[in-house]
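# Inside the fold
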Amino acid sequence: MALFRELGMSEQVLHSVENMGFEEATPIQEQTIPKALEGKDLIGQAQTGTGKTAAFGIPLVEKIEAGAEQLQGIVLSPTRELAVQVAEELNKIGQFKGIQTLPIYGGQEIDRQIRALKKRPQIIVATPGRLMDHMRRKTIRLSEIKIVVLDEADEMLNMGFVEDIHTILQEVPENRQTLLFSATMPRSIQNLAQRFMKEPELISVKAKEVTVANIEQHYLEVQEKQKFDVLCRLLDMQSPELAIVFGRTKRRVDELAEGLNKRGYSAEGIHGDLTQSKRDSVLRQFKEGTIEILVATDVAARGLDISGVTHVYNFDIPQDPESYVHRIGRTGRAGKTGLAVTFVTPREIGQLRMIEQLTKRKMIRKPIPTLVEAIEGQQRITMEKLMRVIDEEDLSPYKGLATDLLEETDSVTLLAAALKMLTKEPDAVEVHLTDVAPLRSKGAHRGPFDQRGYRGNDRGRGSNNRGSGNDRGGFGKDRGRRDNKRSGWNPSSFPKE
Ligand SMILES: Nc1ncnc2c1ncn2[C@@H]1O[C@H](COP(=O)(O)OP(=O)(O)OP(=O)(O)O)[C@@H](O)[C@H]1O
Ligand SMILES: [Mg+2]
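Only a predicted model underlies this, so the values are computations on that prediction, with no experimental measurement involved.

### Observations concerning the sheet that holds strand β11 (residues 293-296)
- On the basis of which strands lie adjacent, the open sheet formed by seven strands has the order β10-β11-β9-β12-β13-β8-β14 and parallel pairing. Only two strands of the sheet have a single neighbouring strand rather than two, namely β10 (267-270) and β14 (364-365).
- Relative to β11, strand β9 (residues 242-246) is paired through four bridges, and the arrangement is parallel. Residue Ala243 lies in a different strand from β11, and its bridge partner there is Ile293.
- Contacts from helix α10 (residues 227-238) reach β8 (215-221), β9, β11, β12 (309-314) and β13 (338-344), with the element oriented near 165 degrees to β13.
- Helix α12 (residues 276-288) contacts β9, β10, β11 and β12 of the sheet and is inclined by roughly 140 degrees relative to β10.

### Comments concerning the site of ligand 1
- Lining the immediate environment of ligand 1, one finds 19 residues, of which Lys52, Thr53, Asp305, Arg330 and Arg333 sit closest.
- Between Glu24 and ligand 1, the recorded distance is 2.8 Å, taken from a backbone N or O atom to a nitrogen atom.
- A distance of 2.7 Å separates an oxygen atom of ligand 1 from a polar side-chain atom of Thr53.
- Here ligand 1 has 640 Å² of accessible area as a free molecule, and 86% of this is covered by the chains.

### Structural notes on the side chain of Arg302
- Among the structural elements, Arg302 can be located in the loop between β11 and β12.
- Relative accessible area serves as the criterion here: at 9%, Arg302 is assigned to the buried category.
- When neighbours within four sequence positions are excluded, Arg302 is seen to be in contact with Leu82, Glu152, Asp154, Glu155, Ser182, Thr184, His326 and Arg330.

### Here's the deal with the UniProt feature "short sequence motif: Q motif" (unreviewed entry) in the protein chain
- In the numbering adopted here, UniProt assigns the feature "short sequence motif: Q motif" (unreviewed entry) to residues 2-30.
- End C-alpha atoms of residues 2-30 are separated by 6 Å, and the span's content is 45% helix alongside 0% strand.

### Looking at the sheet that holds strand β3 (residues 101-104)
- Sheet architecture is open: seven strands sit in the order β3-β4-β2-β5-β6-β1-β7, paired in parallel fashion. Two strands in the sheet have a free side with no partner beyond their single neighbour: β3 and β7 (201-204). Taken over all neighbouring pairs, the strand axes of this sheet differ in orientation by 15 degrees on average, direction set aside.
- Bridge count for strand β2 (residues 73-76) against strand β4 (residues 123-126) is four bridges, and the pairing is parallel. Across the sheet, the residue bridging to Ile74 is Ile124, located in β4.
- Contacts between helix α5 (residues 110-117) and the sheet are confined to β3 and β4, with β3 contributing the most and set at about 160 degrees to the helix.

Criteria and thresholds
The residue count restarts for each chain, going from 1 along the sequence in the order it is written. Written order decides the labels, with chains lettered from A and ligands numbered from 1. Per-residue local features of the predicted model are confined to residues with pLDDT of at least 70, and side-chain atom pairs are confined, for both listing and counting, to 80 or more; whole-chain, interface and lining totals are unaffected and use all residues. Side-chain numbers here rest on the full set of heavy atoms in the structure, without hydrogens or water. Criterion used throughout: strands pair if DSSP finds at least two bridges between them. Helix and strand assignments come from DSSP, with helices taken as H or I runs of at least 4 residues and strands as E runs of at least 2, each series counted from the N terminus. In this analysis, two residues are considered to be in contact whenever any of their non-hydrogen atoms come within 4.5 Å of each other. In this description, a line fitted to the C-alpha atoms serves as the axis of each element, helices being fitted only across the stretch in contact, and the angle between N-to-C directions of two axes falls anywhere from 0 to 180 degrees. Residues are classed as near a molecule or strand on a simple rule: at least one heavy atom within 4 Å of it. Two N or O atoms count as a polar contact when they lie within 3.5 Å, although within protein this holds only if one can serve as hydrogen donor and the other as acceptor, and sequence-adjacent residues are included solely when both atoms are side-chain atoms. Values of accessible area rely on a 1.4 Å probe in the Shrake-Rupley scheme; residue burial ignores everything except the protein chains shown. Note on classification: 1.4 Å probe, protein chains only; a residue is buried when its accessible area is under 20% of the maximum for its type, exposed when over 50%, partly exposed between these limits. UniProt positions are given in the numbering used here, feature names are shortened, and annotations may be inferred rather than shown by experiment.

Next up, the structure:
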């Protein structure tokens, strides 16, 4: 991998990158930064967790004129949490050049954002809905924008967002530079992108597979009714450090989180119906490790960079193959290893094979764990904890008590009782989950579905989508107040070059 110094960066940004602990550039950074610095439009594709944020963030910051008052760069992001995360990374990259980046997203009081905008950030990272709110209020003007980035670009250009992107880009000067990045970039999206880019160069980091090699990918064939008990046994056996469990709908997420807590796991759900403050606190608790399991809908699948996520469980198999790539990419980041386990009911095997076709990687079929294996898993955890206490803790206050007890009971019985007390035994507390609708067959065209048979992204329009609505956009996508006079719009009306 190349050193950042060889990529033509300024001393200030080199200083920032060094400060961030980055020694060498990742392949996507090495291949895109020099070209982006030359001003080229780029479509960058690289596996999850391989540094795409800095790949666009470094040239973006380099292009910004420090000290200039006007807004010069925008990054568009599909979810609120991703907007916040990317803004944090851009502020780190811009810190020694004095470039300020502000996240703009729904769910945060707009007056607070208007006040923050008065401090003249040079870059904003925005979810489209709230950005369009500001555009209507004239609290954000895009007339001086020099560079636009679409992060998770294939998501930003699919049915749910593409109109908004069109509306936003109409306000941005034609002579802008445009960069698109994602771990997945279907051909249809690349074609669509051509319409609003200037001879973009596609830079796809050559990898044997679309997914990250060091993420082990397992699947279990289970009946719907077995899923919850099997999940608990896996958690007991694999004892993840931090785990993300993906469910297909908001209601599923709520029920799973509740059921896991009933069984003694520390879990919280996150999806598009929660208030922003609830989402922030759940994510914070997960990052701090206060909760060990984050139960999420698909919208939390993309981009979130949380170190320490060792396991991803697809409790419900994702609707589309691209979503699978992004979900499991929440583990195995920045070169670490990870384990992804997908539950498949017999009727969903076809969907699994479609995913394997996209990822060019066979998932390994694993047997359903037995109760004994689950108990053994928990016993192993107890032993490890016990040995750690012996190595690390001061036991003197307990030695007298131990001696007294040993006069009454033999040591094996005593220790067995202690082990039983300490071991979380698989709890058979009854947990009932509402069935989710079976996967739609591919290409089902009913109403506002795109070619993948997928309902146009849910806007998180609150609880009317609680049950069946797939929640891809509610988590962060905020429509703001859409002017509903807009006629139906199709991507082909992007300005032709
Ligand atoms: N050159 C580098 N050296 C070391 N770590 C890096 C480097 N570049 C990025 N990272 C770290 O790697 C992790 C993943 O980076 P990032 O979130 O940008 O990945 P990504 O490609 O955008 O992933 P996704 O497709 O999931 O959005 C982050 O913690 C980031 O700080
Ligand atoms: Mg990313």
